[in-house]
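Report on the structure
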Amino acid sequence: DSDGIKIDITITEDDFTAGFAKVHERISSSPSGRHMGHYKAAIRHKRLAQMYATMMDLPMKHQFAPTRWCTAIQVLLEKDKGRPNVERLRTIQLVEADLNMVLKIIFGRRLVHHAEDKNFLPPSQFGSRPGVSCISAVFLKTLTYDLIRQLRQDACVFNNDAKGCYDRIIPSIGMLACMRLGLPRAPAVALLKILHGMKYHIRTALGITEDHFSNMVDWILGTLQGSGASPCIWLAISAVLIAALEQRSPGISFRSPDGTIQDVRAADAFVDDTDLYVSVDTSFPQLAQQAQVVAQHWE
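In this text, all values refer to a predicted model and were calculated from it rather than measured experimentally.

We now examine the environment of Met-198. The residue Met-198 is located in the loop between α8 (185-196) and β4 (199-204) in this model. By relative accessible area, which is 1% here, Met-198 ends up buried. For Met-198 and Ile-106, which are 92 residues apart along the polypeptide, the C-alpha to C-alpha distance reads 20 Å.

See below:
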């Protein structure tokens, strides 16, 4: 766990300025109608930057959900351009630009870097981490297949894709996973209140709906696609999932000829795409049975 070390959640003028200086002005955001150019202009004026930084800082510290932050616009994007098949549409939620910037600063930057510095993250997760390339996971998988063939080793690789993983995150569980990495309680409570009170409008070619739907019983869209916090939250959850998997799975192991180097892995993951490895020195039916147990445990 985080050994009582919590990250700083203060949003300063420098955070506001540095954050919005990197954002493209034409990015869609802010259901309230505030254009991104509004914030781009504000970073040039010290008093405005200080004011906005304070407005972004207070909800996270005092655990409340501003009304303006509790509205999201749902948009459907084509995965295959020109082919709007229902099963090939990606849903994203557009939230207020200043809310998303707060989430990027606290979750996406500070918490992830803190967890990285403290070695709280599993090396088998290659997604949503600073300085880690997605091609590394592909390269390692290719080397693993090559070694399996060269060593004539019986193994099973089970490929998983957690479809819509951000939409399926249970927010309260996600916050517990983040607090395990060093997130203070206050921003966790604030984000849960925001998500629980969220009102969703839908954008189509005809415009934005006047009516909305909301969370009548519980959270229904996870921690939101397009949220600056979702990659970090999934990273925190996957750290727990992979740790649990490593306790149950025999994984796959390779040893150098002289025995001085050994590599044992239960899985390789890039965000929600995960490969489970199983290799046992027994008969093929037992290997298949063990792979089934590991796959069910992961599920």
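So that's the structure; there's more coming.
Locating Arg-34 in the fold gives a position in the loop between α1 (13-21) and α2 (36-42). Overall, Arg-34 belongs to the partly exposed group, its relative accessible area being 24%. A polar atom in the side chain of Arg-34 sits 3.1 Å from the side chain of Tyr-39.

Packed helices, taken two at a time, are described by their axes: the angle between them and the distance between them. The interhelical angle for the contact between α1 and helix α4 (residues 97-117), taken along N-to-C directions, is 100 degrees, at an axis separation of 11 Å. The angle between α1 and α4 places the two elements in the roughly perpendicular class. Facing Asp-15, Gly-19 and Phe-20 of α1, the residues of α4 in contact are Ala-97, Asp-98, Met-101, Ile-105 and Arg-110. A breakdown of the residues in the contact of α1 with α4 according to their chemical character gives four nonpolar, one polar and three charged.

This part is about the pattern of salt bridges. If you walk through the whole model with that rule in mind, you get 11 salt bridges. A salt bridge links Asp-263 to Arg-265, with the shortest nitrogen-to-oxygen separation between them at 2.7 Å. By relative accessible area, which is 31% here, Asp-263 ends up partly exposed. Through salt bridges with shared partners, a single network forms among Arg-68, Glu-96 and Asp-98.

Calculation rules
Residues numbered from 1 in each chain as written. Predicted model: local features only at pLDDT ≥ 70, side-chain atom pairs only at ≥ 80, totals over all residues. Heavy atoms only, no water. Helix = DSSP H or I, 4+ residues; strand = E, 2+ residues; numbered from the N terminus. Buried < 20%, exposed > 50% of the residue type's maximum accessible area, 1.4 Å probe, protein only. Polar contact = N/O pair within 3.5 Å; in protein donor to acceptor, adjacent residues only side chain to side chain. Axes fitted to C-alpha atoms, helices over the stretch in contact; angles between N-to-C directions. Parallel < 35°, antiparallel > 145°, perpendicular 65-115°, else oblique. Contact = heavy atoms within 4.5 Å. Nonpolar A, V, L, I, M, F, W, Y, C, P; charged D, E, K, R; others polar. Salt bridge = Lys/Arg side-chain N within 4 Å of Asp/Glu carboxyl O.

These figures capture arrangement, not role.
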